[in-house]
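# Results of the structural survey
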Amino acid sequence: PYDSGDPHVLECQLLQMKLAGIDGVIVDWYGLTKFRDYPILHRNTQRLVDQVTRLEMKFAICYEDQTIPALVEAGQLSDDKRTAHATGEIQWLAKNWFSLRSYVRLNGRPVLLSFGQTGLTDDEWSRCLAELKLPVAYFSQHHRRNSAIGAFDWPIPKEGLRAIRGFRESSRKWPTSIPVAFPRFVDIYAEAKVHKSWGRIEDADGKTFRNALAEALASRSRIIQIATWNDWGEGTVIEPSFEFGYRDLEVLQELRRKHVDARFPATADDLRLPMRMLTLRRHSPEKAKQADRIVDLIATGNLEQALSGLRAIERGQ
C-alpha cells in the first residue's frame, strides 16, 4: 500500500498512525514551482491534507528551502529574489493551510519547520519571516536560527543515540524544541550511486526506537517528531513492513499509554483494521458507503463497532 496520490492509501496510513497513537503528520513540502517533481509532491500533499482534516488529525509543514538554490542554479529564479520567493510560498501556506482547524499551532501560531542548512541563510530567514503578516512558530533543524523559537532534532547516523542527548542539552537554552525519535538509519545512497552513505544506526531488535521514543516523551516537549513514517531511502520507516511488521506501532501504543494517555484504547489487533479496509475498498468498490461508515467509526474511536461492522461487510452481509 504505497501510493502517496491514492486517497485510500492515505486513509489507510493515517488510520494506522491514529491507532498507534500518532496525532498528525509533518509534511516535507517542496513548494509551488513547476520544477522537477515538485508539482506532483504538492498535489499529493493537498490530498494528504484533505484526508488529515477528514480523519480529525493534525498536520504541519516542513519547508524544503534547499529548493531555492536549486531553482537559482536552474535559471528559474534570480539570486536577488531568494528571500521574496520563500516569503511568497509561506504566504501561500498562510492563506491556504495555516487557517485550517487541522493545522498545528503553538501558542496560537502556526508551526513551520525548515529542513537542512543549505537553503536560505540565517539573515534571509529573518527577513523572510519579518515580511509575513501572520507570525509563525518557526523551528530550524538541529540548531536554532536567529529567527526561530527553537529547533527540531533529526537522526545523525555517525552519532546515533548520543546525538539525542546533545540536542537535549542545547535545547535547554531555547524557549521550546521538538525532540526526535527514530527506529534505525540504513540508507541506500551508496548502493544507488547517489553519494557515500551517511552511516548507519542499527535497529537493535527494536531497542533503538523504544529508547529514543521514551527519551523524547520524557522531555515533556509539546511536540515530538518521529523520523520517519515512510522514508524508505534512509530506512527510518515505522510504517508496517515485511521486515518489522507492526512492531514499532505497537511500541508507540505502549509508550503513549505510559507517558501520555493511560486510557488510550487502541490495541495491537486494531492496528490491522486499516489494511483490511484498504483491501475491502480495492476488491469491493461497490461497498464504498459501508466502508466510509467503518472508517468514520475507526476515526472517532468506536473500535468495537468498527470491527463488528467490518466483519459483517467481509461476510457479505
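Data block above holds the structure.
The biggest cluster of nonpolar side chains holds 84 residues, and the ones touching the most others in it are Ile61, Trp125 and Ile298. Leave out the neighbours within four places in its chain, and Trp125 touches Tyr63, Asp65, Ile90, Leu112, Ser114, Leu120, Tyr138, Arg145 and Ser147.

In this section: the packing of helix 9 (residues 273-283) against helix 10 (residues 288-299). The contact between helix 9 and helix 10 brings their axes to 10 Å, and the two run at 165°. Regarding the angle of helix 9 to helix 10, the classification is roughly antiparallel. Crossing hand, helix 9 versus helix 10: left-handed. On helix 10, the residues that touch Leu273, Met277, Leu280 and Arg281 of helix 9 are Ala288, Ala291, Asp292, Ile294, Val295 and Ile298. Of the residues assigned to the contact of helix 9 with helix 10, the class counts are eight nonpolar, no polar and two charged.

Moving on: the pattern of salt bridges. For the structure shown, the criterion picks out 18 salt bridges. For Arg82, the salt bridge identified is with Glu124, shortest N-O distance 2.8 Å. Residue Arg82 is found in helix 4 (residues 82-96), and its partner Glu124 is found in helix 5 (residues 122-130); the two are separated by 42 residues along the sequence. Like Glu124, Arg82 is buried.

Across all of its chains, the model carries 15 aromatic pairs by this definition. Ring centres 4.9 Å apart and planes at 85° place the aromatic pair Phe59 and Tyr103 in the edge-to-face group. Note that Phe59 is positioned in strand 2 (residues 58-63) and Tyr103 in the loop between helix 4 and strand 3 (105-106), a separation of 44 residues in sequence. Grouping residues by exposure puts Phe59 and Tyr103 together as buried. Ring geometry for Phe115 versus Phe152: centroids 6.4 Å apart, planes at 35°, classification tilted. With a gap of 37 residues between them, Phe115 in the loop between strand 4 (109-114) and helix 5 and Phe152 in strand 6 (residues 150-152) connect regions that are remote in the sequence. Each residue in the set Trp29, Phe59, Tyr63, Trp92, Trp97, Phe98, Tyr103, Trp125 and Tyr138 is aromatic and connected to the rest through ring pairs, giving one cluster. One Lys or Arg, Arg184, reaches over the ring of Phe244 and ends 3.9 Å from the middle of that ring. Arg272 extends its terminal NZ or CZ atom over the ring of Tyr246, reaching a point 4.2 Å from the ring centre.

Turning our attention to the pairing of strand 1 (residues 24-29). Only one face of strand 1 is covered, namely the face carrying Val25, Val27 and Trp29; the face carrying Gly24, Ile26 and Asp28 is uncovered. One ladder, built from six bridges, connects strand 1 with strand 2; its direction is parallel. Bridged to Ile26 within strand 2 is Ala60. Regarding the hand of the β-α-β motif, the stretch spanning strand 1, helix 2 (residues 38-54) and strand 2 is right-handed.

Below, the discussion takes up the environment of Thr236. Note that Thr236 resides in the loop between strand 10 (225-226) and helix 8 (247-259). Spatially, the C-alpha atoms of Thr236 and Asp65 are 22 Å apart, while their sequence positions differ by 171 residues. The contact partners of Thr236, leaving out residues within four places of it in the chain, are Pro183, Arg184, Phe185, Ala227, Thr228 and Asp231. Only 2.8 Å separates the side chain of Thr236 from the side chain of Thr228, close enough to count as a polar contact.

What follows concerns the side chain of Asp65. In this structure, Asp65 sits in the loop between strand 2 and helix 3 (67-73). Of the side chains bearing the opposite charge, Arg145 lies closest to the buried Asp65, which forms no salt bridge; the N-O distance is 4.4 Å. Residues contacting Asp65, with those up to four places away along its chain left out, are Phe115, Gly119, Leu120, Trp125 and Arg145.

Criteria and cut-off values
Residues numbered from 1 in each chain as written. Predicted model: local features only at pLDDT ≥ 70, side-chain atom pairs only at ≥ 80, totals over all residues. Heavy atoms only, no water. Core = buried A, V, L, I, M, F, W, Y, C linked by side-chain atoms within 4.5 Å. Buried < 20%, exposed > 50% of the residue type's maximum accessible area, 1.4 Å probe, protein only. Contact = heavy atoms within 4.5 Å. Axes fitted to C-alpha atoms, helices over the stretch in contact; angles between N-to-C directions. Helix = DSSP H or I, 4+ residues; strand = E, 2+ residues; numbered from the N terminus. Parallel < 35°, antiparallel > 145°, perpendicular 65-115°, else oblique. Left-handed = near helix turned anticlockwise from the far one by under 90°. Nonpolar A, V, L, I, M, F, W, Y, C, P; charged D, E, K, R; others polar. Salt bridge = Lys/Arg side-chain N within 4 Å of Asp/Glu carboxyl O. Phe/Tyr/Trp six-rings, centres within 6.5 Å; stacked < 30°, edge-to-face > 60°. Lys NZ or Arg CZ within 6 Å of the ring centre and 35° of its normal. Pairing = 2+ DSSP bridges. Right-handed = clockwise from strand over helix to strand, strands pointing away. Polar contact = N/O pair within 3.5 Å; in protein donor to acceptor, adjacent residues only side chain to side chain. Lys, Arg positive; Asp, Glu negative; His and termini not counted.

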